[in-house]
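A look at the structure
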Amino acid sequence: SQRPSLVLITLQTLLRFLSWIPLGYIFETPLVNQLLTKFLPVRQFRNATLACLTEIGSLTQASYNHVFQNIFTSLIRNLVTTLPPETNIAAAYETAQEFDCLYIQGLSLFFSGFFTAHLELLEKPENHGDTITAMMYFVNISMVDDKEIFKICLEYWNKFANELYRTECAPRGVGGSNVLNLGMSFANNSSPRKNLYANVLSKVRNVMISRMAKPEEVLVVEGDDGTIVRETTKDTDAIAQYKTMRETLVYLTHLDYEDTENIMLTKLALQCDDKSNEFSWNNLNTLCWAIGSISGAMNEDDEKRFLVTVIKDLLSLCEMKRGKDNKAVVASNIMYVVGQYPRFLRAHWKFLKTVVTKLFEFMHELHPGVQDMACDTFLKISQKCKGQFVLQQQGETNPFIVDLLKNLPSIVSDLQPHQIQTFYEACGHMIREQTNQLKREELLAQLMEPPNASWRAIMNNANADVTTLQKQETIKEIGKILRTNVRVCSAIGHPFVSQLGKFYLDMLNVYKTYSEYISHAVKTEGEIVTQHANIRAMRAVKVETLKLIEVFISKSEDPQMVANKIVSMLYDPVLGDYQRSVPAARNPEVLKLFAAIVNRLRGEMAPGLPRIFDAVFESTLSMITTNFTDYPEHRLYFFKLLKAVNMYCFQALFSIPSEAQKKVIDSIVWAFKHTERNISETGLDILEKLLSNVQANPGFAQGFYASYYLSLLQDVLYVLTDRLHKSGFKMHCTILKHMFTIVETNQIQTPLFDVSKFPQNTTNSVFLRDYVSNMMGNAFPNVGKSVVQEFVVGLFDTSKDLIAFKTHLRDFLIRLKEYSADGDDNSKLYTEEKEAEIKSKMMARAQVPGLLTQQEQDEMADL
């Protein structure tokens, strides 16, 4: 055709065909040659042709490698003439027309797809020249200031660096994987592939360092108006991009840590050189974010040499720069970098002391975000290096914590209450490391003296006039004091007992006073009063009180002391108040507290269980059983309490009256039928443990089965086949396998049916097969009778292990139209397999030194 518009639409139509037409039409016809010679050189058709070549280039078929090589070679020849290699593509993109911008984007897609599919072909010696030329084009395209283009490039560089690391650097263990995570780099293990790509990789490192995305920990950012402000909302795209870039740079560092170090130190020297005019917020930010991102990727000696230079340069830059915005940017970068290298700080006390002293300076800097970041970084360093602060370091007259506590009022003088609480938590982590009990108690008393002094003043005023506790400023001050205590207790753990003993009784009296005041206000003014500011503040104090007791009990190492001195005093002021209050005034944290108490004290709480149930059971059930939505926190914590009781005080559950027992079972059913996932999963956990406990207690097992087995089986089958409960599939299978196994193995001796209505030789197994068949047939009339029969036979097959049983249930569910209606996603049926895959990937990532973030390392430690 001589009509360009018709040719263009034909090329666009061809693009739609290429993904599915037989390969012979592409590779065994003149099609590819026509695209390369007739249409690619013509500017008007270039983008559409490139899109077609991208689709063809992403195909893989070894027998057509000669065609792929021709495509690649011809495109590079064309590219060298239309876009010379020395072109600054990023700068050209800024002024280019939309058509040319789309061409650059098309090139990024072509290179990404072609390299992914055919890198092995391109690495043949005869292709080295064109391959490196293409890679250099791709690097230059990676510098283009366009989010979509950069995402395309980044995705490939991540895969490329990962693959190159796995094949060229990782030590060989079983399966060729890294055996030990020793924080080692392997740059000296030279290989032909690494040598081939050395210049390319160096350029990619430059790209990653100069374009590094902002990490989540950084709170100081440049605003839309060009000023430095505190970040108010998280940029989820930037966080995701940072994770990918960080991972890529870690792999690149392992491939050649010396090059990474040289690039970073050269850029840092330019930032510190006034004559270079290189300093800018963006340049410094991206560089420091990149420096922080490779923590753990160097061995300890290299890391030490590198960081000594980095920290010294950043500290001198902080002194050198003038202007609040400049100082705020430098400060945030110092804090981010030092927070990423706890291993270095632990090993070098002088640097650690210098850094922490600098953080104390930043705590007086009133620029938005700097104080928050200083406190957060101080907390992070305290958690990772806590032991260093209580040791007598060489050349020091006192341990650091002693001098810190002496100067504490002046250090925190400019901080907000929430920042002071973070500071106190950090000090708590340090104090916990003091192994001498007397010294630890002295340090804790010194730390807590300011809030304790405020508490004593409030109590003295209350003793003279109890109405002073109702003043708004007093209520707020009590709340601050309690929040500070909660943070310190969470850090110190059981040794906090010496501090708690100083004000525990007073705290319970304040709790009781506020409870009585709230109850009186509700009686006189109605439930609307719970929304008034002073009542809300009083309830906040009650919540902090409960939270403090819960944190202490969960971390306590002396259950006997907790039972005798802490829990024994809670029944009336806490449980009694909960029972007496109107629903709107009941604190769900009461339920959470007693769940923690049962979890900690276990069987020792059995004698107190009737009292707990009497106070919270009826009163809470009346709140949560009217619908599925009201009082969500009460709902969740009530079932967590029930779970704890079932786990550790099971015998006590069957010492309560039978009416109450039935309500317990009903509430468990109510829980696992709930549409809120965390509640339904808690309900299933409770039921699974309940059935195991019943099986282990034959004394009342048969009575339990006679009363509840059939109704529970029916309810579990109901949620199994309900689309809204797919997330509980794993636990549904576990419970059903248990329930059918105990019938099939004759563990249920009592008949599950009315013996007067069935033949004399009817067994529970025979009865249940018919019962389940009829129930499933009635529930799903569209399913054939043979399918139902096959399903029921499989349920009773005790030779199946849990995996086979789960597969049997899953196959049946997928065949149900009602279950998979409207294209409903069945992926939740495979949640367990996905979780195993995620864990496997995490384990593989852990084999690469520096690849896991500190948070991921903590999660791995928990696993």
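Calculation rules
Residues numbered from 1 in each chain as written. Predicted model: local features only at pLDDT ≥ 70, side-chain atom pairs only at ≥ 80, totals over all residues. Heavy atoms only, no water. Helix = DSSP H or I, 4+ residues; strand = E, 2+ residues; numbered from the N terminus. Buried < 20%, exposed > 50% of the residue type's maximum accessible area, 1.4 Å probe, protein only. Contact = heavy atoms within 4.5 Å. Areas by Shrake-Rupley, 256 points an atom, 1.4 Å probe, with all protein chains shown as cover. Core = buried A, V, L, I, M, F, W, Y, C linked by side-chain atoms within 4.5 Å. Expected span 1.5 Å × (residues − 1). Arc of directions from axis to C-beta. Salt bridge = Lys/Arg side-chain N within 4 Å of Asp/Glu carboxyl O. pLDDT = per-residue confidence, 0-100. 1 Å grid on protein atoms, 1.4 Å probe; cavity = no way out; pocket = protein on both sides within 12 Å on 5 of 7 lines; lining within 4 Å. Points joined across faces, edges and corners; volume = space filled by probe spheres on them. Phe/Tyr/Trp six-rings, centres within 6.5 Å; stacked < 30°, edge-to-face > 60°. Axes fitted to C-alpha atoms, helices over the stretch in contact; angles between N-to-C directions. Left-handed = near helix turned anticlockwise from the far one by under 90°. Nonpolar A, V, L, I, M, F, W, Y, C, P; charged D, E, K, R; others polar. Disulfide = S-S within 2.5 Å. Parallel < 35°, antiparallel > 145°, perpendicular 65-115°, else oblique.

Considering the overall build of the chain
Assigned secondary structure in the chain consists of 40 helices and two strands. Across the 863 residues in the chain, those meeting the buried criterion constitute 51%. For the chain, long-range pairs separated by at least 24 residues make up 74% of all intrachain contacts whose partners lie at least 6 apart in sequence. With an accessible surface of roughly 39400 Å², the chain has 52% of that area assigned to carbon and sulfur atoms.

Here we look at the nonpolar core
Membership of the largest hydrophobic core comes to 284 residues, with the highest contact counts inside it found for Phe-111, Trp-157, Phe-378, Leu-404, Phe-594 and Tyr-709. Per-element tally for this core: the top contributor is helix H34 (residues 698-720), with 12 residues. The residues touching Tyr-709, leaving out its near neighbours within four places in the chain, are Phe-704, Met-739, Phe-740, Ile-742, Val-743, Ile-748, Leu-752 and Leu-768.

With respect to helix H5 (residues 65-82)
Taking 1.5 Å as the rise per residue, H5 with 18 residues should run 26 Å; its terminal C-alpha atoms sit 26 Å apart, in good agreement. Buried within H5 we find Val-67, Phe-68, Ile-71, Phe-72, Leu-75, Ile-76, Asn-78 and Leu-79. The arc enclosing the buried residues of H5, seen along the axis, measures out at 170°, which places them on a common side. For H5, the exposed residues set more than 90 degrees away from the buried face come down to His-66 and Thr-81. At its buried positions, H5 is contacted by helix H2 (23-27), helix H3 (31-39), helix H4 (43-57), helix H7 (98-122) and helix H8 (128-142).

Here we look at helix H17 (residues 349-362)
Between its first and last C-alpha, H17 extends 20 Å over 14 residues, near the 20 Å set by a 1.5 Å rise per residue. All of the buried residues in H17 are Trp-349, Phe-351, Leu-352, Val-355, Val-356, Lys-358, Leu-359, Phe-360 and Phe-362.

Concerning the pattern of salt bridges
Considering all chains together, one arrives at 28 salt bridges under this definition. Between Glu-168 and Arg-193 there is a salt bridge; the shortest N-O distance is 3.6 Å. Within this pair, whereas Glu-168 is found in helix H9 (residues 147-168), its partner Arg-193 is found in helix H10 (residues 192-210), the two being separated by 25 residues in sequence. With respect to burial, Glu-168 and Arg-193 carry one shared label: buried.

Remarks on the confidence of the model for the chain
Taken as a whole, the chain shows an average pLDDT of 90; of its residues, 94% reach a score of 70 or greater. Every residue in residues 172-188 scores below 50 in pLDDT, and together they form 40 contacts with partners more than four places removed in sequence or on other chains.

Brief notes about unusual backbone geometry
Positive phi outside glycine occurs at Arg-602, with the angle close to 55°. Considering the arrangement of structural elements, one finds Arg-602 in the loop between helix H28 (589-601) and helix H29 (609-624). Here the phi dihedral of Asn-746 falls at roughly 60°; this positive angle occurs in a residue that is not glycine. Structurally, Asn-746 is set in the loop between helix H35 (729-744) and helix H36 (764-779). Since its relative accessible area comes to 54%, Asn-746 is described here as exposed.

A few points about the layout of surface pockets
In this model, the largest pocket occupies a volume close to 1300 Å³. Forming the boundary of the largest pocket are 44 residues, of which Glu-217, Gln-340, Thr-853, Gln-854 and Gln-855 lie nearest the centre. Put simply, the parts of the chain that give the lining of the largest pocket at least two residues each are helix H11 (236-255), helix H15 (324-339), helix H16 (342-347), helix H18 (370-385), helix H39 (831-846) and helix H40 (854-862). At seven residues, H18 tops the list of elements feeding residues into the lining of the largest pocket.

Some points on the packing of aromatic side chains
Taken as a whole, this structure holds 41 aromatic pairs when the rule is applied. With a centroid separation of 5.6 Å and 15° between ring planes, the pair formed by Phe-111 and Phe-115 is classed as stacked. Taken as a pair, Phe-111 and Phe-115 lie in helix H7 at a separation of four residues, close to a single helical turn. The exposure classification of Phe-111 matches that of Phe-115, with both residues buried.

So, the packing of helix H12 (residues 257-272) against helix H13 (residues 281-293)
Contact geometry of H12 with H13 gives a least axis separation of 10 Å together with a crossing angle of 145°. The chirality of how H12 crosses H13 is left-handed. Residues Met-264, Lys-267, Leu-268 and Gln-271 of H12 touch H13, and the partners they reach there are Asn-283, Leu-284, Leu-287, Ala-290 and Ile-291. Here the residues of the contact of H12 with H13 are counted per class, giving six nonpolar, two polar and one charged.

As for the side chain of Arg-205
The topology assignment puts Arg-205 in helix H10. Judged by relative accessible area, Arg-205 falls into the buried class, the value being 2%. With residues near it in sequence (within four places) discarded, Arg-205 still touches Leu-252, Leu-255, Asp-256, Asp-259, Thr-260 and Ile-263.

With respect to the environment of Leu-642
Among the secondary structure elements, Leu-642 is positioned in helix H30 (residues 632-648). A relative accessible area of 3% means that Leu-642 is categorised as buried. Taking the C-alpha atoms as reference points, Leu-642 and Phe-617, separated by 25 residues in sequence, lie 9.5 Å from one another. If near-sequence neighbours (up to four positions away) are discounted, Leu-642 is found in contact with Phe-613, Phe-617, Val-664, Ser-667, Ile-668 and Ile-686.

Regarding empty space enclosed by the protein
Going through the model one piece at a time under the given rule, you end up with two cavities of 30 Å³ or more. Computed from the structure, the largest cavity encloses a volume of approximately 50 Å³. What lines the largest cavity is Leu-653, Phe-654, Gln-661, Val-664, Ile-665 and Leu-690. The leading source of residues in the lining of the largest cavity is helix H32 (residues 658-672), at three residues. Looking at side-chain class alone, the lining of the largest cavity contains five nonpolar, one polar and no charged residues. Its volume calculated, the second largest cavity comes out at about 30 Å³.

As for the state of the cysteines
Throughout the structure, instances matching the rule amount to zero disulfides. Here Cys-272 is not cross-linked by a disulfide; its sulfur's nearest cysteine counterpart is in Cys-288, at 9.0 Å. Classification of Cys-272 as buried rests on a relative accessible area of 17%. In this structure Cys-427 is a free cysteine whose sulfur lies 10 Å from that of Cys-375, the closest cysteine sulfur available.

Notes on the packing of H28 against H30
Between H28 and H30, the shortest axis-to-axis distance is 8 Å and the interhelical angle comes to 15°. Relative to H30, the element H28 is oriented roughly parallel. Judged by the sense of rotation from one axis to the other, the crossing of H28 with H30 is left-handed. Taking contact as the criterion, the partners of Leu-591, Lys-592, Phe-594, Ala-595, Val-598 and Asn-599 in H28 are, on H30, His-634, Tyr-637, Phe-638, Lys-640, Leu-641, Ala-644, Val-645 and Tyr-648.

Some points on the environment of Glu-148
Tracing the chain through its elements places Glu-148 in helix H9. Considering only alpha carbons, one finds Glu-148 and Ser-498, 350 residues apart in sequence, at a separation of 58 Å.

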